[in-house]
Amino acid sequence: MAEPTKKTIPPYVKAIAGSLGGIVEASCLQPIDVIKTRLQLDRTTTYKGIVHCGVTVARTEGVRALWKGLTPFATHLTLKYALRMGSNAVLQSAFKDPETGHISNRDRLLSGFGAGVLEALVIVTPFEVVKIRLQQQKGLSPEHLKYKGPIHCARMIIREEGILGLWAGAAPTVMRNGPNQAAMFTAKNAFDSILWKKREGDGRVLQPWQSMISGFLAGTAGPVCTGPFDVVKTRLMAQSRSGNGLKYRGMFHAISTIYAEEGLLALWKGLLPRLMRIPPGQAIMWGVADQVIGFYERRYLHNAPL
């Protein structure tokens, strides 16, 4: 007689867990994201490095400038993680063996890739276009800024460039997020198993510091491999279509232009702040999300006392 189907955590629980982790992550790490964007858009070497960029922005524009774009960033992360965690859970459920609940590493990679592509098209691209347009503006006085806030920015882009202006840089965003999430979900599961002997559905809840270590390690490979796509994404999103012409006509044209004008290493501009933001961000997100998922596991799947 076959074993009963193994109980699994519903996708909506993972979506809620991811969104709560996203709120905490955004609040902690927004300044690093602002610095990364400024460095990637810096073609005249105004900033000498991460620290100099941060100090310069704070001195010339005020400390609050380091939290520019926080509203769209926090909303973006909350929705992105909800969609990422939920869609990954749905895709993994489709790939899992119905009797044993087992999923192969190949199918885990495909689930993560699918979740990354979906989040890139539905959430990441339009939110990052708005965030980058806000972050590239220098100064804090509203009367001197083209975009007065996230809603005004989105409306201006739609009015001047059409609705597709919000999806500028969609191709490199997909090329960045798909592989990133394929690697991240697979690596997170592997580190949980190798370091802590933790398997999903076993009723064990990792300590927050254990989840943070696994999340940090899982978040390191993607930025190095997909750095050029992140730089190209930022350049494409930052340029306005309301002018007489576009410097970059698409993803491949942007890559070749940046390489010709600025050299190969320019395609990895902002890598250090990405490494300062993404692995710690994954650490924070998983530290929160695993506690929410663990609570559900113990309370509803295993009926353990709280």
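Everything below is about the structure shown above.
Throughout what follows, the structure given in this document is the object of discussion. All values derive from a computational prediction rather than experimental measurement.

### As for the nonpolar core
Within soluble globular proteins, side chains that are nonpolar tend to cluster in buried spots.
Argument step 1. By size, the foremost hydrophobic cluster in this structure holds 18 residues, and its most contacted members are Ile9, Met85, Met285, Trp286 and Ala289.
Argument step 2. By residue number, the principal contributor to this core is helix 10 (residues 271-301), which donates 6 residues.
Argument step 3. Beyond its immediate chain neighbours, meaning those up to four positions away, Trp286 contacts Met85, Met184, Phe185, Lys188, Ser211 and Gly215.
Argument step 4. In terms of nonpolar packing, the next biggest core, distinct from the first, is built from 13 residues, Tyr147, Ala154, Leu166 and Met237 among them.

### Details of the packing of aromatic side chains
Argument step 1. According to the stated counting rule, one finds 3 aromatic pairs in the structure shown.
Argument step 2. When the ring of Trp196 is compared with that of Trp209, the centres are 5.4 Å apart and the planes differ by 80°; the resulting orientation is edge-to-face. Taken as a pair, Trp196 in helix 6 (residues 170-196) and Trp209 in helix 7 (residues 208-218) lie far apart in primary sequence, 13 residues in all.
Argument step 3. Note on Trp209: relative accessible area 48%, which makes it partly exposed.
Argument step 4. A ring pair is formed by Tyr296 and Tyr300, whose centres lie 5.0 Å apart and whose planes are at 35°; its orientation type is tilted. Of this pair, Tyr296 and Tyr300 both sit in helix 10, 4 residues apart, roughly one helical turn.
Argument step 5. Residue classification places Tyr300 among the partly exposed residues on the basis of a relative accessible area of 47%.

### Details of the environment of Ala289
Argument step 1. Inspection of the secondary structure puts Ala289 in helix 10.
Argument step 2. Taking the relative accessible area as the measure of exposure, Ala289 reaches 0% and is therefore buried.
Argument step 3. On a C-alpha basis, the gap between Ala289 and Ile16 in space is 8.2 Å, while along the polypeptide they are 273 residues apart.
Argument step 4. When residues no more than four places from it in sequence are discounted, the contact partners of Ala289 are Ala17, Gly18 and Met85.

### Regarding the pattern of salt bridges
Argument step 1. Applying the stated criterion across every chain, the model contains 21 salt bridges.
Argument step 2. A salt bridge links Asp230 to Lys36, with the shortest nitrogen-to-oxygen separation between them at 3.4 Å. Residue Asp230 is found in helix 8 (residues 221-238), and its partner Lys36 is found in helix 1 (residues 11-41); the two are separated by 194 residues along the sequence.
Argument step 3. A relative accessible area of 0% means that Asp230 is categorised as buried.
Argument step 4. Judged by its relative accessible area of 3%, Lys36 falls in the buried class.
Argument step 5. A salt bridge links Asp230 to Lys233, with the shortest nitrogen-to-oxygen separation between them at 3.9 Å. Of this pair, Asp230 and Lys233 both sit in helix 8, 3 residues apart, which is roughly one turn of the helix. Each member of the pair, Asp230 as well as Lys233, carries the same accessibility label: buried.
Argument step 6. One network of salt bridges, in which partners are shared, links Lys36, Glu128, Arg176, Asp230, Lys233 and Arg274.

Rules used throughout
Residues numbered from 1 in each chain as written. Predicted model: local features only at pLDDT ≥ 70, side-chain atom pairs only at ≥ 80, totals over all residues. Heavy atoms only, no water. Core = buried A, V, L, I, M, F, W, Y, C linked by side-chain atoms within 4.5 Å. Buried < 20%, exposed > 50% of the residue type's maximum accessible area, 1.4 Å probe, protein only. Helix = DSSP H or I, 4+ residues; strand = E, 2+ residues; numbered from the N terminus. Contact = heavy atoms within 4.5 Å. Phe/Tyr/Trp six-rings, centres within 6.5 Å; stacked < 30°, edge-to-face > 60°. Salt bridge = Lys/Arg side-chain N within 4 Å of Asp/Glu carboxyl O.

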